[in-house]
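Per-entry structural report
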Amino acid sequence: MTATVRPSEPMNVIEPHEWRHGTVVAGVKWKNPVGTASGTFQLDACGDYYDVTQMGAICTKGVSPVPWEGNPGPRIAESPAGMVNSVGLQNPGVDHYLADELPKLKELGALVITNVAGHSDEDYAEVTAKLADSDADMLEINVSCPNVSHGGMSVGTDPATLSRLIGRLRKMTDKPMIVKLSPNVTDIVTIAHAAVDAGADALSLINTLVGMRIDIDTGKPIMANRTGGVSGPAVLPIGLGFVWRVRQAIPDIPIIGIGGIDSGEKALEYLYAGANAVEVGAAALTDPTAPMRVARELDDLLDSRPDLAAKLAQGKSW
Amino acid sequence: MTEERFMSTATSAAVVQEAERFGRKPGRRVDEIVRAGTLAEGVYELVIRDAYVARNAKPAQFVNLYPADASLLLPRPFGVAEVTGDEVTLIYQVAGAGTRQFTQLAAGDAVDVLGPLGKPFDLDKSANYVLVGGGLGIPPVMLAAQALSVRDDVTVTTAFGYRNERFADDLVAQYVDAPHSITNEEGNVIDLLDSIVPELEAAAKAGRPPIVLSCGPTPMMKAVAQWGGRHGAEVQLSLEARMGCGYGACVACVVDTPQGRLKVCKDGPVFTSEQLGWVV
Ligand SMILES: Cc1cc2nc3c(=O)[nH]c(=O)nc-3n(C[C@H](O)[C@H](O)[C@H](O)COP(=O)(O)OP(=O)(O)OC[C@H]3O[C@@H](n4cnc5c(N)ncnc54)[C@H](O)[C@@H]3O)c2cc1C
Ligand SMILES: Cc1cc2nc3c(=O)[nH]c(=O)nc-3n(C[C@H](O)[C@H](O)[C@H](O)COP(=O)(O)O)c2cc1C
Ligand code: FES
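Computed from a predicted structure; not experimentally measured.

Here we take up the confidence of the model for chain A. This prediction gives chain A a mean pLDDT of 94; 97% of its residues lie at or above 70. Segment residues 1–9 of chain A: pLDDT under 50, and 18 contacts once partners within four positions in sequence are set aside and those in other chains are kept.

Moving on: the nonpolar core. Counting 129 residues, the largest nonpolar core has Leu162(A), Leu203(A), Leu205(A) and Tyr247(B) as its most contacted members. Beyond its immediate sequence surroundings of up to four residues, Leu205(A) is in contact with Leu181(A), Ile188(A), Phe242(A), Val243(A), Val246(A), Ile255(A), Ile256(A), Gly257(A) and Ile258(A). Formed by 30 residues, the second largest nonpolar core is a distinct cluster that contains Ala81(B), Phe121(B), Val176(B) and Val270(B).

Taken together, 23 residues form the shell around ligand 2, and within it Ser38(A), Lys180(A), Gly232(A), Gly260(A) and Ala282(A) come nearest. Positioned at a junction of chains, ligand 2 has nearby residues supplied by chains A and B. In this structure, an oxygen atom belonging to ligand 2 sits 2.7 Å away from a side-chain N or O atom of Lys180(A). Taking a 2 Å distance to the grid points as the criterion, the majority of the atoms of ligand 2 fall inside the largest cavity. Residues belonging to the shell around ligand 2 are distributed by class as follows: seven nonpolar, 14 polar and two charged.

A word on the interface of chain A and chain B. On the chain B side, the residues contacting the 58 residues of chain A number 50 residues. Summed over both sides, the interface of chain A with chain B buries roughly 4700 Å², with 57% coming from carbon and sulfur. Our enumeration of links across chain A and chain B arrives at four salt bridges. Applying the counting rule to chain A against chain B returns 19 residue pairs in polar contact (both at pLDDT 80 or more). Elements with a contribution of two residues or more to the side of chain A that touches chain B: α1 (43–46), β5 (76–79), β6 (82–85), α9 (264–273), α10 (282–286) and α11 (290–303) of chain A. With four residues, β5(A) is the largest single contributor of residues to the side of chain A that touches chain B. Across the side of chain A that touches chain B, the residue classes tally to 26 nonpolar, 17 polar and 15 charged.

We now examine the packing of aromatic side chains. Summed over all chains, the structure comprises eight aromatic pairs over all chains. Centre to centre, the rings of Tyr272(A) and Trp318(A) are 5.3 Å apart; their planes meet at 80°, and the pair counts as edge-to-face. Taken together, the positions of Tyr272(A) in helix α9 and Trp318(A) in the segment after α12 (306–313) put the pair 46 residues apart, joining distant regions of the chain. Between the aromatic rings of Tyr162(B) and Phe167(B), the centroid separation amounts to 5.3 Å while the plane-to-plane angle is 80°, which identifies the pairing as edge-to-face. Of the two residues, Tyr162(B) and Phe167(B), neither departs from the other in class, the shared state being buried. Grouped by ring-pair contacts, the aromatic residues Tyr44(B), Phe78(B), Tyr92(B) and Phe102(B) constitute a single cluster. Geometry around Tyr66(B) places Arg28(B) over its ring, the cationic atom sitting 4.0 Å from the centre. Between the NZ or CZ atom of Lys119(B) and the centre of the ring of Phe271(B), over which it lies, the distance is 6.0 Å.

In this section: the environment of Ser64(A). Residue and element names in this part refer to chain A. Residue placement: Ser64 occurs in the loop between β4 (58–59) and β5. A relative accessible area of 0% places Ser64 in the buried class. For the pair Ser64 and Tyr124, spaced 60 residues apart in sequence, the C-alpha to C-alpha distance is 7.6 Å. Setting aside anything within four residues of it in sequence, one finds Ser64 in contact with Asn91, Gly93, Val94, Ala117 and Val127. At 2.7 Å, the side chain of Ser64 and the backbone oxygen of Val66 are in polar contact. Polar side-chain contacts of Ser64 include one of 2.8 Å to the side chain of Asn91.

With that out of the way, let us pick up the sheet that holds strand β9 (residues 177–180) of chain A. All names here are of chain A. If you trace the eight strands from one edge of the open sheet to the other, you get β3-β16-β15-β10-β9-β8-β7-β4, paired in parallel fashion. Whereas interior strands pair on both sides, the edge strands pair on one side only; in this sheet they are β3 (34–36) and β4. Judged from the two bridges that link them, β4 and strand β7 (residues 112–116) form a sheet pairing that is parallel. What sits directly across from Ile58, in β7, is Val112. Relative to the sheet, helix α8 (residues 236–249) contacts β10 (202–205) and β15 (255–258), its axis offset from that of β15 by approximately 165°.

Rules behind the numbers
Residues numbered from 1 in each chain as written. Chains lettered and ligands numbered in written order. Predicted model: local features only at pLDDT ≥ 70, side-chain atom pairs only at ≥ 80, totals over all residues. Heavy atoms only, no water. pLDDT = per-residue confidence, 0-100. Contact = heavy atoms within 4.5 Å. Core = buried A, V, L, I, M, F, W, Y, C linked by side-chain atoms within 4.5 Å. Buried < 20%, exposed > 50% of the residue type's maximum accessible area, 1.4 Å probe, protein only. Near = heavy atom within 4 Å. Polar contact = N/O pair within 3.5 Å; in protein donor to acceptor, adjacent residues only side chain to side chain. 1 Å grid on protein atoms, 1.4 Å probe; cavity = no way out; pocket = protein on both sides within 12 Å on 5 of 7 lines; lining within 4 Å. Sits in = over half its atoms within 2 Å of the grid points. Nonpolar A, V, L, I, M, F, W, Y, C, P; charged D, E, K, R; others polar. Buried area = accessible area lost by both parts, 1.4 Å probe. Salt bridge = Lys/Arg side-chain N within 4 Å of Asp/Glu carboxyl O. Helix = DSSP H or I, 4+ residues; strand = E, 2+ residues; numbered from the N terminus. Phe/Tyr/Trp six-rings, centres within 6.5 Å; stacked < 30°, edge-to-face > 60°. Lys NZ or Arg CZ within 6 Å of the ring centre and 35° of its normal. Pairing = 2+ DSSP bridges. Axes fitted to C-alpha atoms, helices over the stretch in contact; angles between N-to-C directions.

Shown next, in the form of structure tokens:
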């Protein structure tokens, strides 16, 4: 199988752009409906390739109360049209984040969603307390990471545990709080209701699906952590199905659709499924400028869909 | 339904032009293949036209290639082996599905590319640079020979270890002052290094102390690091790791060091043996 150079006009993705179609998520205005997905954006890497202030929002890597070293390598394996990662939330901790990446992002003028990680309710509370009077525009509570043994997904798969945590965090901050949900559940609607009833201002979904790959020469898992989270184009229909079901069940909650988005067309599918905005993850790993390109393609596609564009601009979904 | 498209849409020149106009690095782009062939049994050469890589690639930096088969999503990193005008030479072996597909590419075809990426070798000092490559770790050190060949304050020594065919000796001959190589049957690169100690000592006495630049299988590089420790030589190692992005965004490619887990793609691929804690 060989590639051919495409005859179409290349889309310029870096030059400044007048955004025609914005969205509103939990009262926060985005200049376009496309953000970066947590764990696939770092300012000192991605900022070399495009102007990060041009994104609808920048969602940062999960931030924990103290530095986390993550899981041992290898941390990534390929899967058909997808990838499995077991990074395990390696990050330099909330104090470093507040002193370094956040001020840099805000100085540039980016709209920032800070992704909050924890091993326990205490961890989430500690990070949220420190972010409560920071410059972060929105918080995304990650209760859906499959790569940590405590916290993460174990919180986001049990309605009572989730409700207790979100209720506690709600009292600590007025910042718009997005709860990021896991697809590794039997009934997403129950979980979504638990988050919303406990005070979530918005939901984002999906995080990665639990999966693994095995090296048949050794008979052992490719990743040191054995299992990880699957994402990329292969999970597109799963993400769409989850967003659609939550939208059917909860008509008014703002939803950020995530999973397998690598083009404006796929972002548009999420908007028609009921999302108010989207985040681009794995695609950014295979091309640093992918989030920007998705945003530009979507801006063009919305030109011919004035009804959808108008709803988004009013903070409504399709 | 939407059209399936995982490949970049833009040609190299357009992407590079736009990026440079706005002071950014160019993203993924489509390059033309100038030449594709076989250097030895199981060793392939791929020459791509990418003026940006050609202008900017420094020794030990790599480029990501992406298979045209959209089900293979992750980058395939390869060290830049040689640069001629706007042509960039990569040398690789078949390791799995992606590299197997690359062997089907021919002149005139296209391939998606990102780069150059990573932190290069530090070649600031006046020294005797000893390039120690093992197997397909040879291509990533080859560019150092080419880059150093234009300087008159350095000596370039090679110590290449081949499985059998000496596929790179001729390619670097014009850049190297003191070429040495060995095949598996004859011994390993440590044997080879031991055998040239008198030569290295003479160069050191003449004001060119050895600095080892190495790439190859991890056990080999650990042995090279220890050899450097025993002989008081500075050692820089170019590592490999499975990568998610290759440019620093995902933290998939870590190596454990005494300072914690570092990214091979952005903090490296070059690390000193001290940084890795590989010298005793
Ligand atoms: C900085 C760097 C420079 C390199 N330079 C060269 C070179 O000059 N010549 C050469 O022949 N090889 C080089 N390699 C190794 C080369 O990248 C792999 O052999 C190649 O990616 C395998 O792809 P595949 O599709 O054939 O294998 P598959 O097993 O199908 O690949 C699956 C995934 O695993 C990754 N992977 C598999 N083996 C390796 C490996 N050894 N290192 C890193 N990732 C791997 C692939 O990139 C891919 O993402 C380099 C690796 C790195 C990190
Ligand atoms: C390498 C990698 C790291 C990730 N890290 C995080 C994280 O720290 N916090 C989080 O909430 N989600 C994390 N995710 C999940 C993504 O944000 C996203 O929800 C998921 O990958 C699905 O989207 P995609 O198919 O576009 O990648 C990570 C995903 C990847 C691939
Ligand atoms: S491969 Fe993504 S950070 Fe190195």
